[in-house]
Amino acid sequence: MANAASGMAVNDDCKLKFLELKAKRTYRFIVFKIDEKLKQVIVEKVGDPTLGYDDFAASLPTNECRYAIFDFDFVTEENCQKSKIFFIAWSPDTSRVRSKMLYASSKDKFKRELDGIQVELQATDPTEMGLDVIRGRAN
């Protein structure tokens with residue numbers, strides 16, 4: 001049984017969906033949440049590869065914490081098509097203190113389960129993970 005100090009257990013589906021995103025580009029994004037009853041991180045939502053950043057941002061609740069993976073496609077200055085996998089720790093100011101603590105204490109353990117994250121962002125409001133921020137961190 002996991003406790004808040006050691007981080008939550010990670011449901012196998014989280015790892016499977018992440019591998020599908022990384023290897024097969026099956027999804028544009030994955031949103032994860034901590035299920036306090038199950039005491040584990042679970043997949044809340046996946047985004048189709050045809051969806052864009054706005055769809056991803058809209059899938060994050062305004063007053064609850066989440067972890068998210070976003071597969072960002074971009075073109076470099078040398079005109080090369082590239083992609084970076086972003087890990088976003090979404091912790092809005094309006095979320096409960098207990099929830100923020102739970103997500104903060106479980107983040108590192110959860111991230112270690114997902115091999116292949118290239119960029120990490122911590123966001124407390126939408127401007128901290130805006131498309132301009134993601135573009136800037138991708139290069």
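Here is what the cut-offs are and how they apply
Residues numbered from 1 in each chain as written. Predicted model: local features only at pLDDT ≥ 70, side-chain atom pairs only at ≥ 80, totals over all residues. Heavy atoms only, no water. UniProt positions renumbered as here; feature names shortened; annotations may be inferred. Buried < 20%, exposed > 50% of the residue type's maximum accessible area, 1.4 Å probe, protein only. Helix = DSSP H or I, 4+ residues; strand = E, 2+ residues; numbered from the N terminus. Right-handed = clockwise from strand over helix to strand, strands pointing away. Expected span 1.5 Å × (residues − 1). Arc of directions from axis to C-beta. Contact = heavy atoms within 4.5 Å. Polar contact = N/O pair within 3.5 Å; in protein donor to acceptor, adjacent residues only side chain to side chain. Core = buried A, V, L, I, M, F, W, Y, C linked by side-chain atoms within 4.5 Å. Salt bridge = Lys/Arg side-chain N within 4 Å of Asp/Glu carboxyl O.

An unreviewed UniProt entry annotates the protein as ADF-H domain-containing protein originating from Ensete ventricosum. As recorded by UniProt, the Sequence similarities (unreviewed entry) comment attached to the protein reads in full: "Belongs to the actin-binding proteins ADF family." Listed under Function (unreviewed entry) in UniProt, the entry text for the protein is "Actin-depolymerizing protein. Severs actin filaments (F-actin) and binds to actin monomers."

Engineer: Break down the pairing of strand 6 (residues 119–123) for me, citing the residues and quoting the values.
Structural biologist: Alternating residues of strand 6 divide into Val-119, Leu-121 and Ala-123, all buried, and Glu-120 and Gln-122, none buried. Handedness of the crossover is the feature at issue here: the chain leaves strand 5 (residues 81–90), passes through helix 3 (residues 97–113), returns alongside strand 6, and the resulting connection is right-handed.

Engineer: Which residues make up helix 1 (residues 12–24), and what values do they have?
Structural biologist: The end-to-end C-alpha distance of helix 1, which contains 13 residues, comes to 18 Å, matching closely the 18 Å that a straight helix rising 1.5 Å per residue would cover. Within the sequence span of helix 1, burial applies to Cys-14, Lys-17, Phe-18 and Leu-21. Projected onto a plane normal to the axis of helix 1, the buried residues spread over an arc of 100° and lie on a single side. Pointing more than 90 degrees away from the buried face of helix 1 are the exposed residues Asp-12, Ala-23 and Lys-24. Residues of helix 1 that are buried make contact with strand 1 (9–10), strand 2 (29–35), strand 3 (40–47), strand 4 (66–75), strand 5 and helix 3. The residue sitting at the N-terminus of helix 1 and contributing the capping side-chain oxygen is Asn-11; that oxygen lies 2.8 Å from the backbone nitrogen of Asp-13. Within two residues after helix 1, Arg-25 carries a phi angle of roughly 55°, on the positive side.

Engineer: Give a detailed account of the side chain of Ser-95, specifying residues and quantitative values.
Structural biologist: With respect to the secondary-structure elements, Ser-95 resides in the loop between strand 5 and helix 3. For Ser-95, a relative accessible area of 7% corresponds to the buried category. A distance of 2.7 Å separates a polar atom in the side chain of Ser-95 from the backbone oxygen of Pro-92. For Ser-95, the contacting residues outside a window of four places in its chain are Asn-63, Glu-64, Cys-65 and Lys-100.

Engineer: Which residues make up the nonpolar core, and what values go with them?
Structural biologist: Among the nonpolar cores identified, the biggest contains 21 residues, and Phe-32, Val-41, Tyr-67, Ile-69 and Phe-110 are the most heavily contacted of them. If sequence neighbours within four positions are ignored, Phe-32 has contacts with Cys-14, Val-41, Ile-42, Val-43, Glu-44, Arg-66, Tyr-67, Ala-68, Ile-69, Tyr-103, Phe-110 and Leu-114. Listed in part, the 18 residues of the second largest apolar core include Val-119, Leu-121, Ala-123 and Ile-134.

Engineer: Tell me about the side chain of Lys-17, and please be specific about residues and values.
Structural biologist: Position of Lys-17 among the secondary structure elements: in helix 1. Excluding anything up to four places from it in sequence, Lys-17 contacts Tyr-27, Ile-30, Val-43 and Val-46.

Engineer: Break down the pattern of salt bridges for me, citing the residues and quoting the values.
Structural biologist: The tally for this structure, following the rule as stated, stands at twelve salt bridges. For Glu-36, the salt bridge is made with Arg-98, and the minimal N-O distance between the two is 2.9 Å. Of this pair, Glu-36 sits in the loop between strand 2 and strand 3 while Arg-98 sits in helix 3; the two residues are 62 residues apart in sequence, bridging distant segments of the chain. Connected through salt bridges with shared partners, the residues Arg-25, Arg-28, Asp-71 and Asp-73 form a single ionic network.

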